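# Topology and contacts: notes
Letter by letter, the chains look like this.
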Amino acid sequence: MKQIVASVDEVATVLKLLGDKTRLTMMALLDHHDCCVCELVEFFQMSQPAISQHLRKLKDAGLVKETRKAKWIFYSMNKEHELYSLIKNILAHIPDQQEKLKELKERTKISCE
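## A word on the environment of lysine 65
Relative to the helices and strands, lysine 65 resides in strand E2 (residues 64-69). The sequence separation of lysine 65 and phenylalanine 44 amounts to 21 residues, and the corresponding C-alpha distance is 20 Å.

## What about the pairing of E2?
Where E2 meets strand E3 (residues 72-77), six bridges bridge the pair, whose relative direction is antiparallel. Of the residues in E3, the one forming a bridge with lysine 69 is tryptophan 72. In this antiparallel pair of consecutive strands, E2 and E3, the connection spans two residues, and alanine 70 shows a positive phi of 60 degrees.

## Focus on the packing of aromatic side chains
What characterises a pair of aromatic rings is the spacing of the ring centres plus the angle enclosed by the ring planes. Under the defined criterion, the tally for this structure stands at one aromatic pair. Judged by centre distance (5.0 Å) and plane angle (70 degrees), the rings of phenylalanine 43 and phenylalanine 44 are edge-to-face. By the burial criterion, phenylalanine 43 is buried, and phenylalanine 44 matches it. When the ring centre of phenylalanine 74 is taken as origin, the NZ or CZ atom of lysine 69, which lies over that ring, is 4.8 Å away. The aromatic ring of phenylalanine 43 is capped on one face by lysine 100, whose charged end is 4.8 Å from the ring centroid.

## With respect to the pattern of salt bridges
Across all of its chains, the model carries four salt bridges by this definition. The salt bridge involving aspartate 31 is made with lysine 88; its shortest N-O contact spans 2.6 Å. In this pair, aspartate 31 is assigned in the loop between helix H2 (21-30) and strand E1 (35-36) and lysine 88 in helix H5 (residues 84-91), connecting sequence segments 57 residues apart. For lysine 88, a relative accessible area of 31% gives the class partly exposed. One salt bridge in this structure joins arginine 56 and aspartate 60, with 3.0 Å as the shortest N-O distance. Residue arginine 56 and its partner aspartate 60 are both found in helix H4 (residues 48-60); the two are separated by four residues, about one turn of the helix. Given the relative accessible area of 56%, aspartate 60 is considered exposed. Members of the salt-bridge network, linked through shared partners, are Asp31, Lys79 and Lys88.

Parameters at a glance
- Residue positions are counted from 1 within each chain, in the order its sequence is given.
- Local features in this predicted model are restricted to residues whose pLDDT is 70 or higher, and side-chain atom pairs enter the listing and the counts only when it is 80 or higher, whereas totals over whole chains, interfaces and linings include all residues.
- In computing side-chain values, all of the structure's heavy atoms are included and hydrogens and water are not.
- To qualify as a helix, a DSSP run of H or I must reach at least 4 residues; to qualify as a strand, a run of E must reach at least 2; elements of each kind are numbered from the N terminus.
- Any two strands with at least two DSSP bridges between them are considered paired.
- Only Phe, Tyr and Trp rings are paired, with Trp represented by its six-membered ring, and only when their centres lie within 6.5 Å; those with planes under 30 degrees apart are stacked, over 60 edge-to-face, the remainder tilted.
- For each residue, the accessible area found with a 1.4 Å probe, counting protein chains only, is set against the maximum for its type, and the residue is called buried under 20%, exposed over 50%, and partly exposed in between.
- Here, a charge over a ring is recorded when the distance from Lys NZ or Arg CZ to the ring centre is within 6 Å and its angle to the ring normal is within 35 degrees.
- A pair is scored as a salt bridge if a Lys or Arg side-chain nitrogen falls within 4 Å of a carboxyl oxygen belonging to Asp or Glu.

If you want it as structure tokens, here you go:
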């Protein structure tokens, strides 16, 4: 498999975005589970505008993509991004967030379907 070499600026931008604890955790979640804003608001206990700002930055960099399902927009990691392998390597060094998300869904009964 041929490895794509990105520019220093591109890598620095991704590292800067992932240097924020909230965005890093978001990426860990979105790597395994599509989430809507309401789920992320509950998960992070942050306001909807704050969550939307983080998502906008990730989306503007091409790290996150969105899919509309009825009136809801779901966000997921863009696994086609040229630096996805770098992001995956970084995420391998932080705790998995799936159990915490599962507990939150059971406790709050979030439903965006």
